[in-house]
Amino acid sequence: MSTNSIVVFDIDGTLTDSVAQHQKAFEKALRSFAFPALRTDWAVYRHHSDSGTFEGAWEEAGWSQQPDHAALEERFRLEFDAVLETDPVAPISGAAEFLVALRQTDWIPVFATGSLRHGALRKLTSLNVAFDEELLVTASEYPTREEIVSHAILRAKEKYSIACTERVVSIGDGIWDLKTAQNLGLEFLGIGFADKAERFRALGARVYPGFGDGLAILADANPFRH
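Residues numbered from 1 in each chain as written. Predicted model: local features only at pLDDT ≥ 70, side-chain atom pairs only at ≥ 80, totals over all residues. Heavy atoms only, no water.

Per an unreviewed UniProt entry, the protein chain carries the name phosphoglycolate phosphatase and comes from Rhizobium multihospitium. Quoted verbatim from the Sequence similarities (unreviewed entry) field of UniProt, the annotation for the protein chain is "Belongs to the HAD-like hydrolase superfamily. CbbY/CbbZ/Gph/YieH family." Per UniProt, the comment on the protein chain under Catalytic activity (unreviewed entry) is "2-phosphoglycolate + H2O = glycolate + phosphate". (UniProt positions renumbered as here; feature names shortened; annotations may be inferred.)

Trainee: How would you summarise the overall build of the protein chain if you had to cite specific residues and measurements?
Mentor: Across its full length, the protein chain holds eight helices and nine strands. Over its C-alpha atoms, taken along the principal directions, the protein chain stretches across nearly 50 × 40 × 35 Å. Of the contacts formed within the protein chain by residues at least 6 apart in sequence, a portion of 68% connects residues at least 24 apart. With an accessible surface of roughly 10700 Å², the protein chain has 49% of that area assigned to carbon and sulfur atoms. (Helix = DSSP H or I, 4+ residues; strand = E, 2+ residues; numbered from the N terminus. Contact = heavy atoms within 4.5 Å. Areas by Shrake-Rupley, 256 points an atom, 1.4 Å probe, with all protein chains shown as cover.)

Trainee: Can you lay out the pattern of salt bridges for me, pointing to particular residues and giving the numbers?
Mentor: In total, this model carries 14 salt bridges according to the counting rule given. Across the pair Glu134 and Lys159 runs a salt bridge, and its minimum N-O distance is 3.4 Å. Placement of the pair is Glu134 in the loop between helix H5 (117–125) and strand E5 (136–137) and Lys159 in helix H6 (residues 145–159), with a sequence separation of 25 residues. One network of salt bridges, in which partners are shared, links Asp10, Arg145 and Asp177. (Salt bridge = Lys/Arg side-chain N within 4 Å of Asp/Glu carboxyl O.)

Trainee: Can you explain the packing of aromatic side chains? Please cite residues and give values.
Mentor: Under the definition given, this model contains 17 aromatic pairs. Measuring from ring centre to ring centre gives 6.5 Å for Phe9 and Phe211, while their planes differ by 55°; the resulting arrangement is tilted. In this pair, Phe9 is assigned in strand E1 (residues 5–9) and Phe211 in the loop between strand E8 (207–208) and strand E9 (222–223), connecting sequence segments 202 residues apart. Consider the rings of Phe98 and Phe211, whose centres lie 4.9 Å apart with planes at 50°: the pair is tilted. Pair noted here: Phe98 is in helix H4 (residues 95–102) and Phe211 is in the loop between E8 and E9, with a separation of 113 residues, a long-range link. A residue is classified by how much of its surface remains accessible, and Phe98, at 3% relative accessible area, is buried. (Phe/Tyr/Trp six-rings, centres within 6.5 Å; stacked < 30°, edge-to-face > 60°. Buried < 20%, exposed > 50% of the residue type's maximum accessible area, 1.4 Å probe, protein only.)

Trainee: Give a detailed account of the nonpolar core, specifying residues and quantitative values.
Mentor: Counting residues in each nonpolar core, the largest one holds 44 residues, and the members touching the most others are Ile6, Val8, Leu30, Phe35, Leu72 and Val110. Counting residues per element, the ones that place at least two in this core are E1, helix H1 (19–31), helix H2 (50–61), helix H3 (69–86), strand E4 (108–112), H6, helix H7 (175–184) and helix H8 (194–202). The two domains that each donate at least three residues to this core are domain 1 (5–18 + 90–223) and domain 2 (20–85). Counting 26 residues, the second largest nonpolar core, distinct from the first, contains Ile11, Leu15, Phe98 and Ala120. (Core = buried A, V, L, I, M, F, W, Y, C linked by side-chain atoms within 4.5 Å. Domains from an automatic or database assignment.)

Trainee: Which residues make up empty space enclosed by the protein, and what values go with them?
Mentor: A water-sized probe rolled over the atoms picks out the places where empty space is left. Evaluation of the coordinates by the stated rule reveals one cavity of 30 Å³ or more. Considered as a void within the structure, the largest cavity measures approximately 40 Å³ in volume. In this structure, the largest cavity is lined by Val8, Phe9, Asp10, Ala112, Arg145, Val149, Ser170 and Asp177. Residue assignment for the lining of the largest cavity shows that the elements contributing at least two residues are E1 and H6. (1 Å grid on protein atoms, 1.4 Å probe; cavity = no way out; pocket = protein on both sides within 12 Å on 5 of 7 lines; lining within 4 Å. Points joined across faces, edges and corners; volume = space filled by probe spheres on them.)

Trainee: Describe the environment of Leu30, listing the residues and the values that go with them.
Mentor: On the secondary structure map, Leu30 appears in helix H1. Classification of Leu30 as buried rests on a relative accessible area of 0%. A sequence separation of 27 residues divides Leu30 from Ala57, and the C-alpha atoms of the two residues are 8.7 Å apart. In this structure, Leu30 is in contact with Phe35, Leu38, Trp42, Thr53, Phe54 and Leu72, ignoring residues within four places of it in sequence.

Trainee: Could you give me a rundown of the pairing of E4, with the residues and numbers involved?
Mentor: Within E4, four of the five residues are buried, leaving the element largely enclosed by the surrounding structure. By the bridge criterion, four bridges tie E1 to E4 in an arrangement that is parallel. If you follow Val7 over to E4, its bridge partner there is Pro109. Where E4 lies against E5, two bridges are found, and the strand directions are parallel. Within E5, the residue paired with Phe111 across the bridge is Leu136. Following the chain from E4 across H5 to the adjacent parallel E5, one finds a crossover that is right-handed. (Pairing = 2+ DSSP bridges. Right-handed = clockwise from strand over helix to strand, strands pointing away.)

In structure tokens:
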């Protein structure tokens, strides 16, 4: 492959309709730790990722030992698999086709998600499209969105010996995805409709309801460059 352009995909709500299933499993996993007062408004936590939320809840509980990330990973795996037995995830409109079409171009797709790795792998697998697991970075590796996205980009640059990228476009469905792109100086495209789309537009982002317009949307990103 000869390229120096990268597209960074969020997963939940961007490629797969999996936010409800993820949140249900994640909350059950957190409650298994018997936090004295668990806040489930995830937006109040400093870092919008599974591991970041877990660390925030652990700190608020005042527990002196280090957060037991291994126990969280195992509990989430069990809860997420159980949820999917009765409520499987579905692809966002056109997402699978978009990924297939992208393989015929010089763009490098990477995946950066606030989900723990097991959940991310199951969601991507549900798309039935081949993906490079080495180019998936999750909350199992880093707690902050900036770390997750920047390391996904770094992995692609290292794998394909890219000294300088021509373009890096981040695609996501959350305001935190937009803010992360802004913080890292990346181009951005929002995925959403109705109120979510209006929130994106109010912050100056271009937004699409799905991937129905195909690869043409990559020409329409917002350049949030430093």
